[in-house]
Amino acid sequence: MKYKKLALGLCMLMGCGMTANAQKAHPRKNILWFDATANFKRFTIKDSITYYLERSKDAGVTDVVVDLKPITGEVLYPSKIAPVMKEWKGEYESGVKDLSWDMLTVFLEEGHRLGLKVHASTNVFVAGHNHFDRGVVFSDPSKTNWQTISYLPGTGFTKITEQKNKYSAMLNPANRDVQKYELSILKELVKMYPKLDGIILDRVRYDALATDFSDYSRKAFEKHLGKKVSRWPEDILSYTTGEKPEKVKGPLFNQWIEWRAKIIHDFVYEARGVIKKANPKIVFGDYTGSWYPTYYELGVNWASKDYDPSKEFSWATQNYKKYAYAEALDLFTTGNYYFEVTKEEKNKIDTSKVNRTEAAQTKAAEDWYTVEGSADLVNRLTGGKIPVYAGLYVEQYKGHPEQFVKAMKMCRAKSDGAMVFDIVHIINYGWWKELKEGLKN
């Protein structure tokens, strides 16, 4: 031990530029996600949970993530705060939940028996499914005004529940009532399940660049500025006229971007405090997309505080780096959600046909729109400070199992492991052999 300390001290004296945190080896993990609604019926059966955990273990999975709070805002555990999801009818699975036994308890017991780490996932700033008019913002009148307000060309200020082209009824992250409610759910979940290995947050973000333009956000932003916004919302954002309106940035646009990043930054640190107080040993994690050059549109700065985006991007103020939150995390998993695996494959991207549907993605052909390039970007911006697990969306490889295997190997080579979303696709495509091949050492 003393030799490791000596080596670190010499390194610091010689100016090698590595911190004690960066010296620490990060745990290797192969993470498999279990979506709540896509697997609803499947995981209302105890034997089914055991069966798929055993198959996951055999394939080389080390950690599973159980989605306990899908986008409706309902939960899959006996909460006293949030409504419990008792039934579901969706694209993949339909069923009725047997409330006489607890799903997460079975996942914990069976997962730990197999030597798997079990994490819980919650979708934070969302509380409704627009395609089904279902969820907390639809059913609870006291929370209807929590939904985010978009500023759109043509319709102006528009509630998210009226935008049926979007399936997630996102909330306003700046609303303190929303924050307190979501924090109370996280605290309840961690205290109810002391054997939980980790908790991974999802959708800790704004819906899009055009949100949130509610009266609440206007007052909060003006308080942050220390002055009134004379032209709302034009001083921040407006649109050109014509058949295809384009966004026009106002004089306060960059300050608005900075403020939104502060909102998310402050919440992440507060969530960490609440969760760690409830269980100091639990792993605190987060999921985001990997496309940092455009992820500012969602109010998220997942980089390290040592990285200064203002030197690369015109949208970043000099203070934007203050609201980076990588250092708050024990585990960070990113969506490297691209069919193209290597940087060389960037040249094969057909920007007229590429299908990118994740929030804030564009149709550009860039290195960071490949699995390899995006993993390199994440590594550079987080600076080795935290464990990073590059993630894949299995559905993007439908009909191309060899590309899926190649992508998994790239994730494991370029980060501390791989995150695979979602088990439902592995089951539907019968890709257990491919999963095992991609995750093997």
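Now for a description of the structure that goes with this document. (Residues numbered from 1 in each chain as written. Predicted model: local features only at pLDDT ≥ 70, side-chain atom pairs only at ≥ 80, totals over all residues. Heavy atoms only, no water.)

Some words on the overall build of the chain
When helices and strands are counted, the chain shows 13 helices and 16 strands. Counting only residues that meet the buried cut, the chain has 58% of its 441 residues in that class. Counted over contacts in the chain with a minimum sequence separation of 6, partners at least 24 positions apart contribute 74%. About 19,400 Å² of surface is accessible on the chain, with carbon and sulfur atoms providing 51% of the total. Each charge class in the chain can be summarised by its mean position, and for the 65 positive and 55 negative side chains these summaries are 5 Å apart. (Helix = DSSP H or I, 4+ residues; strand = E, 2+ residues; numbered from the N terminus. Buried < 20%, exposed > 50% of the residue type's maximum accessible area, 1.4 Å probe, protein only. Contact = heavy atoms within 4.5 Å. Areas by Shrake-Rupley, 256 points an atom, 1.4 Å probe, with all protein chains shown as cover. Lys, Arg positive; Asp, Glu negative; His and termini not counted. Charge placed at Lys NZ, Arg CZ, Asp CG, Glu CD.)

As for the nonpolar core
If you look at the biggest cluster of nonpolar residues, it comprises 137 residues, and the most contacted ones within it are Phe107, Tyr292, Phe404 and Leu435. At 11 residues, the largest contribution of residues to this core is made by helix α8 (residues 253-278). When neighbours within four sequence positions are excluded, Phe107 is seen to be in contact with Phe34, Phe43, Ile49, Leu53, Val66, His112 and Val118. (Core = buried A, V, L, I, M, F, W, Y, C linked by side-chain atoms within 4.5 Å.)

Describing the side chain of Asp102
Tracing the backbone shows Asp102 in the loop between β4 (94-96) and α4 (103-113). Looking at Asp102, its side chain comes within polar contact range of the side chain of Tyr193, at 2.7 Å. (Polar contact = N/O pair within 3.5 Å; in protein donor to acceptor, adjacent residues only side chain to side chain.)

Quick word on the sheet that holds strand β15 (residues 388-393)
Spatial ordering of the closed barrel is given by β1-β2-β5-β10-β13-β14-β15-β16, a layout of 8 strands whose pairing is parallel. Neighbouring strand axes in the sheet, compared pairwise and without regard to direction, differ in orientation by 25° on average. The pairing of strand β10 (residues 198-202) with strand β13 (residues 283-289) spans 4 bridges and is parallel. Across the sheet, the residue bridging to Ile200 is Gly285, located in β13. Each of β1 (29-34), β2 (63-69) and β5 (117-123) touches α4; the most contacted strand, β5, lies at about 150° to it. Its contacts with the sheet place α8 against β10 and β13, and it is angled at close to 150° to β13. (Pairing = 2+ DSSP bridges. Axes fitted to C-alpha atoms, helices over the stretch in contact; angles between N-to-C directions.)

What to know about the packing of aromatic side chains
Evaluated as defined, the whole model comprises 39 aromatic pairs. With a centroid separation of 6.3 Å and 20° between ring planes, the pair formed by Tyr52 and Trp432 is classed as stacked. On the criterion of sequence distance, the pair formed by Tyr52 in helix α3 (residues 46-59) and Trp432 in helix α13 (residues 432-439) is long-range, its members being 380 residues apart. Taken individually, Tyr52 and Trp432 each receive the classification buried, so the pair is uniform in this respect. Ring centres 5.7 Å apart and planes at 80° place the aromatic pair Trp291 and Tyr295 in the edge-to-face group. Take Tyr295: its relative accessible area is 4%, and that puts it in the buried class. Here a set of aromatic residues connected by ring pairs shows up, and it is made of Tyr151, Phe157, Phe213, Phe221, Trp232, Tyr239, Trp256 and Trp259. Across from the ring centre of Trp101, 6.0 Å away, lies the NZ or CZ of Lys97, which sits over that ring. (Phe/Tyr/Trp six-rings, centres within 6.5 Å; stacked < 30°, edge-to-face > 60°. Lys NZ or Arg CZ within 6 Å of the ring centre and 35° of its normal.)

What about the packing of α3 against α4?
Where α3 contacts α4, the axes come no closer than 10 Å and their chain directions differ by 35°. Here α3 and α4 pass one another in a crossing that is right-handed. Every residue of α4 that contacts α3 at Lys46, Ile49, Thr50, Leu53 and Glu54 is listed here: Met103, Val106, Phe107, Glu110, Gly111 and Arg113. When grouped by side-chain class, the residues that make up the contact of α3 with α4 number 5 nonpolar, 2 polar and 4 charged. (Left-handed = near helix turned anticlockwise from the far one by under 90°. Nonpolar A, V, L, I, M, F, W, Y, C, P; charged D, E, K, R; others polar.)

A word on the packing of helix α7 (residues 215-225) against α8
In contact at an axis separation of 11 Å, α7 and α8 are set at 100° when each is read in the N-to-C sense. Between α7 and α8, the interaxial angle falls into the category roughly perpendicular. Residue-level contacts link Ser217, Ala220, Phe221, His224 and Leu225 of α7 to Gln255, Trp256, Glu258, Trp259 and Lys262 of α8. Among the residues making up the contact of α7 with α8, the classes are represented as 5 nonpolar, 3 polar and 2 charged. (Parallel < 35°, antiparallel > 145°, perpendicular 65-115°, else oblique.)

Some details on the environment of Leu152
Of note, Leu152 is situated in strand β7 (residues 149-152). Taking the C-alpha atoms as reference points, Leu152 and Ala210, 58 residues apart in sequence, are found 6.8 Å from one another. Apart from the residues lying within four places of it in its own chain, the contact partners of Leu152 are Thr158, Gln163, Ala210 and Tyr239.

Points about the pairing of β5
For β5, the tally of buried residues reaches 6 of 7 residues, placing the bulk of the element in the interior. Two strands pair when backbone bridges link them, and β2 and β5 are joined in this way by 6 bridges, in the parallel orientation. Considered in β5, the bridge of Asp63 is made with Lys117.

A look at the side chain of Asn39
Tracing the backbone through its elements, the reader meets Asn39 in the loop between β1 and α3. With a relative accessible area of 0%, Asn39 lands in the buried category. Excluding residues within four positions of it along the chain, Asn39 makes contact with Phe34, Glu93, Asp422, Ile423 and Val424.

Looking at the environment of Gly273
Counting through the fold element by element, Gly273 comes out in helix α8. Between the C-alpha atom of Gly273 and that of Asp202, which follows or precedes it by 71 residues, the distance is 17 Å.

A word on unusual backbone geometry
For the bond running from Thr211 to Asp212, omega is -5°, close enough to zero to count as cis. The omega angle of the peptide bond from Phe421 to Asp422 is 15°, so this bond is cis rather than trans. Structurally, Asp422 can be placed in the loop between β16 (417-421) and α12 (423-429). Positive phi outside glycine occurs at Asp133, with the angle close to 50°. Asp133 sits in the partly exposed class, given a relative accessible area of 46%.

Spatial relationships are all this shows, so hold off on functional conclusions.
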